[in-house]
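# Structural overview for review
Listed here are the chains, written in short residue letters.
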Amino acid sequence: MNRPLRNLLEGAVTLVTGLLLWLFTGDVDVPVVTLTKVGVVMMWVGGALIATGLYQAARGSSGPRPG
């Protein structure tokens, strides 16, 4: 699997997981962190991964080239 596609897939999974945490964990009490805030951070990270994958796909770079 090439690098842009991998970043796009990881970003999409991370974004959707963050969205689910943000939407459905408002009533869950965890001692250290708030799961809704973790969801927001995960959405930002997923968006950054998607943007990176789109940039790499537009440039045609698939990572380091051998040789």
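Residues numbered from 1 in each chain as written. Predicted model: local features only at pLDDT ≥ 70, side-chain atom pairs only at ≥ 80, totals over all residues. Heavy atoms only, no water.

Below, the discussion takes up helix α2 (residues 35–59). Counted at 1.5 Å a residue, the expected span for α2 with its 25 residues is 36 Å, and the 36 Å between its end C-alpha atoms agrees. Tucked inside the fold, the buried residues of α2 contact α1 (3–24). Of the residues one or two after α2, Gly 60 is the one with positive phi, at around 80°. (Helix = DSSP H or I, 4+ residues; strand = E, 2+ residues; numbered from the N terminus. Expected span 1.5 Å × (residues − 1). Contact = heavy atoms within 4.5 Å.)

Time to look at the pattern of salt bridges. Should their charged atoms come close, side chains of opposite charge can pair. Summed over all chains, the structure comprises one salt bridge. Where Glu 10 meets Arg 6, a salt bridge forms, and the shortest distance between an N and an O atom there is 3.0 Å. You can see Glu 10 and its partner Arg 6 sitting in helix α1, four residues apart, about one turn around the helix. (Salt bridge = Lys/Arg side-chain N within 4 Å of Asp/Glu carboxyl O.)

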